Amino acid sequence: MTEHASRWLAPDERAEVALVLNGENAVLEAEPRRTLADAVRATGLTGTHLGCEHGVCGACTVLLDDEPVRSCLVLAVQAAGRRVDTVERLAAGGTLHPVQEAFLRHRALQCGFCTPGFVVLAEWLARREPDASEERVGEVVSSSLCRCTGYAPILAAVRDALGRR
Ligand code: FES
Ligand code: FES
């Protein structure tokens, strides 16, 4: 909790939001109205994409305390004291994460705008439900939008990522 958290903030007043961002302690400065997506992107972590900005497309998906959320619908101040993991957490030292490799192998992207959200979601599913059924994989993938691929390669990549974990 920050010292600002116990009182109302003016709309343009900035709160200091202390959190764990991609495994590191961090402090975001954000007005009360600022979304987590905008606050994270302002730090230079622009892998979190903004498409619809109203909770439909899933491009902005990040993990909040290990659960996927649409960061365009979460206020930055709501992340105080919590863990936020973005797509940048996955690739270590320039080496792609196995889920990212699966997307590459199956050519599960074209323009790539939706890809960070799908990759974060796929990694969460692989960790949480490594034995997820075909139906469950379809259910999770259908929660986000891709306008390019027709979904078949994304489904194949997610199945592959689950199998390789
Ligand atoms: Fe958040 Fe579309 S930008 S769901
Ligand atoms: Fe273009 Fe999915 S690859 S929106």
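Look up a bit, the structure's there.
Everything quoted here is computed from the prediction, not taken from an experiment. (Residues numbered from 1 in each chain as written. Chains lettered and ligands numbered in written order. Predicted model: local features only at pLDDT ≥ 70, side-chain atom pairs only at ≥ 80, totals over all residues. Heavy atoms only, no water.)

1. Some words on the overall build of the protein
- When you go through the protein residue by residue, the secondary structure sums to 5 helices and 5 strands.
- The helix and strand sequence of the protein, counted from the amino end, reads β-β-α-β-β-β-α-α-α-α.
- In terms of overall size, the protein behaves like a compact globule, its C-alpha atoms giving a radius of gyration of 16 Å where 165 residues would be expected to give roughly 15 Å.
- Once the C-alpha set of the protein is aligned to its principal axes, its extents read approximately 50 × 30 × 30 Å.
- When contacts within the protein are restricted to residue pairs at least 6 apart in sequence, long-range pairs at least 24 apart make up 51% of them.
- Put simply, the protein shows about 8,700 Å² of open surface, and 51% of that area lies on carbon and sulfur atoms.
- Computed over 18 positive and 22 negative side-chain charges, the inter-centroid distance for the protein is 4 Å. (Helix = DSSP H or I, 4+ residues; strand = E, 2+ residues; numbered from the N terminus. Rg over C-alpha atoms; globule rule 2.2 N^0.38 Å. Contact = heavy atoms within 4.5 Å. Areas by Shrake-Rupley, 256 points an atom, 1.4 Å probe, with all protein chains shown as cover. Lys, Arg positive; Asp, Glu negative; His and termini not counted. Charge placed at Lys NZ, Arg CZ, Asp CG, Glu CD.)

2. Remarks on the sheet that holds strand 1 (residues 15-21)
- Read across the sheet, 5 strands follow the order 2-1-5-3-4 without closing on themselves; strand pairing throughout is mixed. The open sheet terminates on both sides in strands that have one partner only, identified here as strand 2 (24-30) and strand 4 (67-70). Here the strands of the sheet are splayed against their neighbours by 45 degrees on average, with no regard to which way each runs.
- Relative to strand 5 (residues 83-85), strand 3 (residues 61-64) runs antiparallel, the two being bridged by 2 bridges. When the sheet's bridge partners are listed, Leu-64 is paired in strand 5 with Val-84.
- Across the sheet, helix 3 (residues 115-128) is in contact with strand 3 and strand 4; its angle to strand 3 comes to roughly 40 degrees. (Pairing = 2+ DSSP bridges. Axes fitted to C-alpha atoms, helices over the stretch in contact; angles between N-to-C directions.)

3. Comments concerning unusual backbone geometry
- The backbone of Asn-22 sits at a positive phi, close to 50 degrees, despite the residue not being glycine.
- Structurally, Asn-22 is set in the loop between strand 1 and strand 2.
- By relative accessible area, which is 15% here, Asn-22 ends up buried.
- For Arg-107, which is not glycine, the phi torsion reads 50 degrees and is therefore positive. (Buried < 20%, exposed > 50% of the residue type's maximum accessible area, 1.4 Å probe, protein only.)

4. With respect to the packing of helix 3 against helix 4 (residues 134-141)
- The geometry of helix 3 relative to helix 4 is characterised by a closest axis approach of 10 Å and an angle of 145 degrees between their N-to-C directions. Crossing of helix 3 against helix 4: the hand is right-handed. Within the contact between the two elements, helix 3 uses Phe-118, Leu-121, Trp-124 and Leu-125 and helix 4 uses Arg-136, Val-137, Val-140 and Val-141.
- Each residue belonging to the contact of helix 3 with helix 4 can be placed in one class, and the counts come to 7 nonpolar, no polar and 1 charged. (Left-handed = near helix turned anticlockwise from the far one by under 90°. Nonpolar A, V, L, I, M, F, W, Y, C, P; charged D, E, K, R; others polar.)

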